[in-house]
Amino acid sequence: VFTVPGGRSNMLVHVKLGVPAEVSEVDLDEVAKVFPYGKLLPVEVVPGGLVFGCGRVVPELGDEDDTALVVVAAVSIGYHDPSEPASGPRAWDTRDGH
């Protein structure tokens, strides 16, 4: 994050979540809390993840059965350089020094 021009406050955070169909709702406010700096772009929620029987039931955590739900999170960071003309999102090739 120290190489992002403008530092942490100029960093853009993009999150895409792969969520199992069994999940009816994702609390995006809770998701946002794990990113303490930068500007969180709108979080994308797409079908994905995993549901499986884990073999453990922990009633103290509200478990009713041994179903485990796994959400996959893809997180990328970037930045907007105000000195560059607005050109929209683009990919950088690290071989070019970016």
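It should be noted that the structure appears before, not after, this text.
Because the structure is a prediction, the values reported are computed rather than measured.

1. Side note on the pattern of salt bridges
Tallying each qualifying case throughout the model produces 2 salt bridges. Among the ionic pairs, K16 bridges to E44, the shortest N-O distance being 3.9 Å. Of this pair, K16 sits in strand β1 (residues 11–19) while E44 sits in strand β3 (residues 44–47), and the two are 28 residues apart along the sequence. On the basis of relative accessible area, K16 is assigned to the partly exposed category, the value being 35%. The partner of K33 in a salt bridge is E30, with the nearest N and O atoms 2.8 Å apart. Looking at K33, the relative accessible area reads 58%, which means it is exposed.

2. Examining the nonpolar core
M11, V13, V15, L17, V19, V31 and V43 together form the largest nonpolar core, which totals 7 residues. Considering each element in turn, this core owes the most residues, 5 residues, to β1. Residue contacts for V43: discarding those within four places in its chain leaves V15, L17, L28 and V31.

3. A look at a negative patch on the surface
On the surface, a cluster of negative charge is made up of E60, D63, E64 and D65. One can find D63 in the loop between β4 (50–53) and β5 (67–70). When its relative accessible area of 30% is taken as the criterion, D63 is described as partly exposed.

Scoring rules and cut-offs
Residues numbered from 1 in each chain as written. Predicted model: local features only at pLDDT ≥ 70, side-chain atom pairs only at ≥ 80, totals over all residues. Heavy atoms only, no water. Salt bridge = Lys/Arg side-chain N within 4 Å of Asp/Glu carboxyl O. Helix = DSSP H or I, 4+ residues; strand = E, 2+ residues; numbered from the N terminus. Buried < 20%, exposed > 50% of the residue type's maximum accessible area, 1.4 Å probe, protein only. Core = buried A, V, L, I, M, F, W, Y, C linked by side-chain atoms within 4.5 Å. Contact = heavy atoms within 4.5 Å. Patch = residues over 30% accessible without salt bridge, like charges linked within 9 Å, V, L, I, M, F, W, Y side chains within 5 Å. Areas by Shrake-Rupley, 256 points an atom, 1.4 Å probe, with all protein chains shown as cover. Lys, Arg positive; Asp, Glu negative; His and termini not counted. Charge placed at Lys NZ, Arg CZ, Asp CG, Glu CD.

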